[in-house]
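# Descriptive analysis of the structure
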Amino acid sequence: MRRGLAPVLEGRTIFAARLNRPDLRWPLPERMAERLTGARVLRLGRRSKYLLAELSTGETLIVHLGMSGRILVSGVALGHFVHDHPAPQKHDHVVFEIEGGARITFNDPRRFGAMDLTATDALDRHRLLAGLGPEPLGNGFHELYLTGRLGGRQTPIKAALLDQRVVAGLGNIYVCEALHRAGISPLRQAGRIAAARLATLVPAIRTVLTEAIEAGGSSLRDYRQADGELGYFQHNFRVYGREGKPCPTPGCPGTIRRVVQSGRSTFYCPQCQR
Ligand SMILES: [Zn+2]
């Protein structure tokens, strides 16, 4: 999503911001439209699952899609397509008009999404960002870090990897996929996995995320994103959503099983994930 939005936003001024309600998951910041209008986006960054638009006003806009949030881009080319501005839809909560003709619409039926504005020099201390673990694709996430962080943990490895203080931005689907690639059972106690086995998790997580980012990029260029939408997209998963299907690991006779852990679905292969 960041890669899709960057060409539309970076270096451009927000001409107008329209708020159709005072809150999403939490109240929107005070005078939000006023604080955004006329601001130029210097850089579009990301930390964990938060988009960070650094503004010329010294503030940064933080955006989180929540469970059901979507961002629609219209009026300019997105990938190979240019979309006319759509008719207003129900759940269009926040709309930005951008220099260059783009309109960015934030639509979120369930309103678990969030937006906030904070001083850029205090960004690291923001309540949503402070305490987040390292980025899984960054240099701070490696075998030694992970073994140190998980040592003594009695929670299942799946719960430990979903803990944003251990590693930032990993969600339910990609944890299931990474554990399958690493051959580790999601039920196994985090502190009792041998270092050599944990070592395979780091590249497994990186591969799963890198492939997902590439698939997001290709979905921008093909029909799947032809409606100008950025957000969650369906991707080919090896275990997620495949209960009862044969395990895709070459030579494995297992069948994918679904269990519920901490209220979330876990998909795994009991044969090759130990
Ligand atoms: Zn298997």
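Quick caveat, the model's predicted, so the values are computed rather than measured.

## Quick notes on the domain arrangement of the protein chain
According to the domain assignment, the protein chain contains domain 1 (2-125) and domain 2 (143-268). Distance between the C-alpha centres of domain 1 and domain 2: 28 Å.

## Remarks on the UniProt feature "domain: FPG-type" (unreviewed entry) in the protein chain
Following the UniProt record, the feature "domain: FPG-type" (unreviewed entry) maps to residues 238-274 here. In this annotation, residues 238-274 is assigned 0% helix and 27% strand; the end-to-end C-alpha distance for the span is 17 Å.

## Re unusual backbone geometry
Here Arg31, not a glycine, exhibits a phi torsion of approximately 50°, which is positive. Overall, Arg31 belongs to the exposed group, with 10 C-beta atoms counted inside 10 Å. The residue Ser262 is not glycine, and still its phi comes out positive at about 45°. Within the element layout of this structure, Ser262 appears in the loop between strand 12 (257-261) and strand 13 (264-268). Taking the C-beta count within 10 Å as the criterion, Ser262 has 11 such neighbours and is therefore assigned exposed.

## So, the environment of Ala119
With respect to the helices and strands, Ala119 occurs in strand 10 (residues 114-119). A count of 12 C-beta atoms within 10 Å places Ala119 in the exposed class. Between the alpha carbons of Ala119 and Leu61 there is a distance of 9.0 Å; along the sequence they are 58 residues apart. Excluding residues that lie within four positions of it along the chain, Ala119 makes contacts with Gly58 and Glu59.

## Regarding the UniProt feature "active site" (unreviewed entry) in the protein chain
UniProt's entry tags Lys49 and Arg264 with the feature "active site" (unreviewed entry), counted in the numbering of this structure. Its place among the elements puts Lys49 in the loop between strand 2 (41-47) and strand 3 (50-55). Apart from the residues lying within four places of it in its own chain, the contact partners of Lys49 are His64 and Gly169. With respect to the helices and strands, the residue Arg264 is situated in strand 13. According to the C-beta neighbour criterion, Arg264 is partly exposed, with 15 such atoms within 10 Å.

What counts, and at which threshold
Residues numbered from 1 in each chain as written. Predicted model: local features only at pLDDT ≥ 70, side-chain atom pairs only at ≥ 80, totals over all residues. Domains from an automatic or database assignment. UniProt positions renumbered as here; feature names shortened; annotations may be inferred. Helix = DSSP H or I, 4+ residues; strand = E, 2+ residues; numbered from the N terminus. Buried ≥ 20, exposed ≤ 12 C-beta atoms within 10 Å, placed from the backbone. Contact = placed C-beta atoms within 7 Å.

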